[in-house]
Amino acid sequence: MRIGQGYDVHRLSEGRKLILSGIEIPFEKGLLGHSDADVLTHALCDALLGAAALGDIGVHFPDTDMRYKGISSILLLKEVKSLLDERGYKIENIDCTVIAQRPKLSPYILKMREKLSDVLSLDLDRISIKATTQEKLGFAGREEGIAALAVCILC
């Protein structure tokens, strides 16, 4: 059994779509980044890569590589899944937390879990996604950005 953890943060910005777990969330701002800046998927990629001792998302998909400019982070997650499959790892479970003052994410959590379930070929009951605020404290509380944490177990 191997445990991995991941963390990511991106700044909120006008003129961008807000994508979390591959799902577009209606909001007046989106996350700024080289790719689609899907903070939840980035944290999950890091957790999975870390559990397998394969480095991190920046090693595999550097923001200096134009092939990844604007790319869907779901495509990156699919590549991470391929790396795990090649090495014989099985994902046992995933637990993620998104930290955002706004928007309210509870209406989208099931869709986000379903997307990850599909991409990772993992039963829905093995994927947890939660959302919390920072009670208006810090960068997330001031609505400057969104952060995400992910933990996984590989067998």
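Preceding this paragraph is the structure being described.
Residues numbered from 1 in each chain as written. Predicted model: local features only at pLDDT ≥ 70, side-chain atom pairs only at ≥ 80, totals over all residues. Heavy atoms only, no water.

1. With respect to the layout of surface pockets
So the rule is basically this: Using a grid of 1 Å spacing that covers the protein atoms alone, one calls a set of points a cavity when a 1.4 Å probe fits there but cannot get out, and a pocket when the set is open and has protein on both sides within 12 Å along at least five of seven lines; lining residues are those with an atom within 4 Å of a point. Grid points are joined across faces, edges and corners, and a volume is the space filled by probe spheres set on the points. In DSSP terms, a helix is any run of H or I states spanning at least four residues, a strand is any run of E spanning at least two, and both are numbered starting from the N terminus. When residues are grouped by polarity, Ala, Val, Leu, Ile, Met, Phe, Trp, Tyr, Cys and Pro land in nonpolar, Asp, Glu, Lys and Arg in charged, and all others, Gly among them, in polar.
If you add up the space inside the largest pocket, you get close to 230 Å³. For the largest pocket, the lining is made up of 15 residues, of which H34, S35, H42, F61 and D63 are closest to its centre. When residues of the lining of the largest pocket are traced back to their parent elements, those giving at least two are β1 (2–13), α1 (39–51) and α2 (57–60). Per-element accounting of the lining of the largest pocket gives the leading share, 3 residues, to β1. A class-by-class count of the residues in the lining of the largest pocket yields 6 nonpolar, 6 polar and 3 charged.

2. Describing the pairing of strand β7 (residues 145–154)
Our working rule: Each residue gets one of three labels from its accessible area relative to the maximum for its type: buried under 20%, exposed over 50%, partly exposed in between, using a 1.4 Å probe on protein chains only. When DSSP finds at least two bridges between two strands, those strands are taken to pair.
Within β7, 7 of the 10 residues are buried, leaving the element largely enclosed by the surrounding structure. Here strand β5 (residues 91–99) runs beside β7; their pairing, made up of 8 bridges, is antiparallel. The partner of T97 across the bridge, within β7, is L149.

3. Topic: unusual backbone geometry
For the bond from R102 to P103, the omega torsion is 0°, close enough to zero to count as cis. On the secondary structure map, P103 appears in the loop between β5 and α4 (109–120). In this structure, S121 is a non-glycine residue whose phi angle is positive, near 50°. Note on placement: S121 falls in the loop between α4 and β6 (127–132). The exposed category is assigned to S121, whose relative accessible area is 64%.

4. Quick notes on the packing of α1 against helix α3 (residues 73–86)
The test is simple: To get an axis, a line is fitted to the C-alpha atoms, and for a helix only the part in contact is used. The angle between two axes follows their N-to-C directions and goes from 0 to 180 degrees. Our angle categories are set so that under 35 degrees counts as roughly parallel, over 145 as roughly antiparallel, 65 to 115 as roughly perpendicular, and the remainder as oblique. Whether two residues touch is decided by their heavy atoms; if any such pair falls within 4.5 Å, the residues are in contact.
Contact geometry of α1 with α3 gives a least axis separation of 9 Å together with a crossing angle of 10°. Here α1 lies roughly parallel to α3, going by the angle between them. Mapping the contact onto sequence places T41, H42, L44, C45, L48 and L49 in α1 and S73, I74, L76, L77, V80, L83 and L84 in α3.

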